[in-house]
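Architecture at a glance
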Amino acid sequence: MGKRRRPLLLGAALLSLPAPLPHCHASRLLPRRTRLTWVNGIAHLPRHMDDPTLVISAAFGSVDVDYCHNPTSMTSESDYLGFVKDGIQAGAHQRGKITPEVDMLVEHLRDALAQVGKYGRVIHIAHSQGSVITWLAAKRLRKEECKQIEIISFGGAATICTSEFPFARCINYYAVNDPILNVVPSAVKALRSGFSFGSGLQSEIVFLASRTGDPVTDHGLLNPTYLEALVWEGQRYQSLYLSPLGQRVDSAFVAPLASAAGWFPNFAYETTRRFFVALVRLFMMLRDLVGRALQFRRDKEGYVPVPSL
């Protein structure tokens with residue numbers, strides 16, 4: 001189940017206020033009760049949950065953050081077989097398979113709702129496989145429960161939209177070169193057509209320009225592309241749900257904090273990339289050899305020797 005982490009206030013940098021957003025809650029001095037939660041993607045051992053939780057809390061005003069740990073099959077950071085098993089499970093989730101991870105998230109969200117009460121709001125962040133687990137969990141939530149939850153998804157293995165679930169708000173962020181887009185047809189359709197889901201002026205699928213130029217890096221929640229959107233969401237949250245006295249964190253502090261965070265399985269993504277590149281090169285080499293063999297056979301069959309005089 002989820003655990004809570006409140007970061008320590010590290011010097012005066014945490015005490016400055018972010019710039020206020022133009023849309024503010026009607027009663028900021030007495031804002032509604034909220035609870036911030038998040039669920040991770042693949043390849044996260046329990047010890048890998050603390051750094052992202054710390055960064056999310058800092059971005060959202062140093063509030064408590066409850067995480068729901070989506071367990072990994074990996075036994076260590078170099079366990080590539082476990083990484084592959086995680087990917088296979090994520091594929092099963094995309095096909096609609098309900099697993100204990102889904103039931104655990106349903107319980108986690110209901111616990112958060114119980115803490116905020118009837119008029120409170122749960123802000124739920126999901127990344128990668130965590131988004132498809134959230135999508136499956138939404139199928140088990142009641143309508144009135146969904147209405148109290150906001151969904152913020154980053155690089156999700158599924159898009160979550162209010163046209164399917166009656167959430168208070170849904171926003172799906174995708175880096176334009178995120179490899180996850182290869183397995184999320186609804187997001188690819190939105191990217192190609194320019195169509196945005198949602199009602200009124202609220203776009204529910206947002207594409208972000210790469211800040212690194214590297215697809216693998218761009219998929220990371222705490223890497224620059226998604227971190228920029230996370231910081232903006234944190235400023236929005238503080239503007240809507242925290243009193244002015246509660247806004248303690250300067251967004252400029254979040255990026256250095258995120259850069260110091262330890263875990264993102266770049267090695268596993270890089271190994272996977274190299275495997276597929278090698279596979280494609282092998283296929284192209286075999287295709288070239290077959291093509292040459294067929295051409296040689298045609299040339300041989302079509303050869304007619306010149307009769308001697």
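Residues numbered from 1 in each chain as written. Predicted model: local features only at pLDDT ≥ 70, side-chain atom pairs only at ≥ 80, totals over all residues. Heavy atoms only, no water.

**Overview of the overall build of the chain**
- The secondary structure content of the chain amounts to ten helices and seven strands.
- The proportion of buried residues among the 309 residues of the chain is 48%.
- Looking at the chain alone, contacts between residues at least 24 apart form 75% of all its contacts between residues at least 6 apart.
- In the form shown here, the chain has an accessible surface area of approximately 15,900 Å², with 60% of it arising from carbon and sulfur atoms. (Helix = DSSP H or I, 4+ residues; strand = E, 2+ residues; numbered from the N terminus. Buried < 20%, exposed > 50% of the residue type's maximum accessible area, 1.4 Å probe, protein only. Contact = heavy atoms within 4.5 Å. Areas by Shrake-Rupley, 256 points an atom, 1.4 Å probe, with all protein chains shown as cover.)

**Let's talk about a nonpolar patch on the surface**
- Taken together, the side chains of Leu282, Met285, Leu286 and Leu289 present a nonpolar region at the surface, about 370 Å² in accessible area.
- For Leu286, the position within the fold is in helix H10 (residues 266-301).
- Residue classification places Leu286 among the partly exposed residues on the basis of a relative accessible area of 46%. (Patch = residues over 30% accessible without salt bridge, like charges linked within 9 Å, V, L, I, M, F, W, Y side chains within 5 Å. Salt bridge = Lys/Arg side-chain N within 4 Å of Asp/Glu carboxyl O.)

**Description of helix H8 (residues 224-241)**
- Here H8 is 18 residues long and its end C-alpha atoms lie 25 Å apart, about the 26 Å a rise of 1.5 Å per residue gives.
- Burial within H8 is extensive, with 15 of its 18 residues counted as buried. (Expected span 1.5 Å × (residues − 1).)

**Re the pairing of strand S5 (residues 149-154)**
- Burial of S5 is extensive: six of the six residues sit out of reach of the surface.
- Judged by which residues are buried, S5 turns out to be covered on both faces: Ile149, Ile151 and Ser153 on one side and Glu150, Ile152 and Phe154 on the other are all buried.
- Here six bridges tie strand S4 (residues 121-127) to S5, and the two strands are oriented parallel to one another. The residue of S5 that forms the bridge with Ile125 is Ile152.
- Sheet topology note: the S5/strand S6 (residues 169-175) ladder contains five bridges and is parallel. Following the sheet pairing, Ser153 is matched in S6 by Asn172. (Pairing = 2+ DSSP bridges.)

**Here's the deal with the confidence of the model for the chain**
- Scored by pLDDT, the chain has a mean of 81; 72% of the residues are at 70 or more.
- Note that pLDDT drops below 50 for residues 5-26; the model gives that stretch 49 contacts with residues more than four away or on any other chain.
- Of the regions scoring below 50 in pLDDT, residues 196-201 engages in ten contacts with residues more than four places distant in sequence or in other chains. (pLDDT = per-residue confidence, 0-100.)

**Focus on the packing of helix H3 (residues 100-116) against helix H4 (residues 129-138)**
- At a minimum axis distance of 9 Å, the contact between H3 and H4 shows a crossing angle of 70°. By the criterion of interaxial angle, the relationship of H3 to H4 is roughly perpendicular. Between H3 and H4 the crossing geometry is right-handed. Of H4, the residues touching H3 (which contributes Glu101, Val102, Leu105 and Val106) are Ile133, Thr134, Leu136 and Ala137. (Axes fitted to C-alpha atoms, helices over the stretch in contact; angles between N-to-C directions. Parallel < 35°, antiparallel > 145°, perpendicular 65-115°, else oblique. Left-handed = near helix turned anticlockwise from the far one by under 90°.)

**Considering the packing of aromatic side chains**
- Evaluated as defined, the whole model comprises seven aromatic pairs.
- Measuring from ring centre to ring centre gives 5.4 Å for Phe60 and Tyr237, while their planes differ by 55°; the resulting arrangement is tilted. Of this pair, Phe60 sits in the loop between helix H1 (50-59) and strand S3 (65-68) while Tyr237 sits in helix H8; the two residues are 177 residues apart in sequence, bridging distant segments of the chain. In this pair, the class of Phe60 matches that of Tyr237, namely buried.
- Here Phe154 and Tyr226 contribute two aromatic rings whose centre-to-centre distance is 5.9 Å and whose plane-to-plane angle is 65°, an arrangement assigned as edge-to-face. With Phe154 in strand S5 and Tyr226 in helix H8, this pair connects stretches of sequence that are 72 residues apart. (Phe/Tyr/Trp six-rings, centres within 6.5 Å; stacked < 30°, edge-to-face > 60°.)

**Notes on H4**
- Counting buried positions over the ten residues of H4 gives ten, a clear majority of the element.
- Looking at H4, one finds that the buried residues are Gln129, Gly130, Ser131, Val132, Ile133, Thr134, Trp135, Leu136, Ala137 and Ala138.
- Elements in contact with the buried residues of H4: strand S2 (34-39), helix H2 (80-94), H3, S4, helix H5 (143-146) and S5.

**Points about the nonpolar core**
- Counting residues in each nonpolar core, the largest one holds 66 residues, and the members touching the most others are Ile56, Phe60, Ile125, Phe154, Phe167 and Leu230.
- If you tally residues by element for this core, the top one is H8, at eight residues.
- Ignoring sequence-local partners within four residues, the contact set of Ile56 consists of Leu36, Trp38, Val65, Ile125, Leu221 and Leu230. (Core = buried A, V, L, I, M, F, W, Y, C linked by side-chain atoms within 4.5 Å.)

**Some remarks on unusual backbone geometry**
- Phi at Ala43 takes a positive value of approximately 65°, unusual for a residue other than glycine.
- Examined against the element boundaries, Ala43 turns out to sit in the loop between S2 and H1.
- A relative accessible area of 1% means that Ala43 is categorised as buried.
- Positive phi values are uncommon outside glycine, yet Ser62 reaches one of about 65°.
- In this fold, Ser62 is placed in the loop between H1 and S3.

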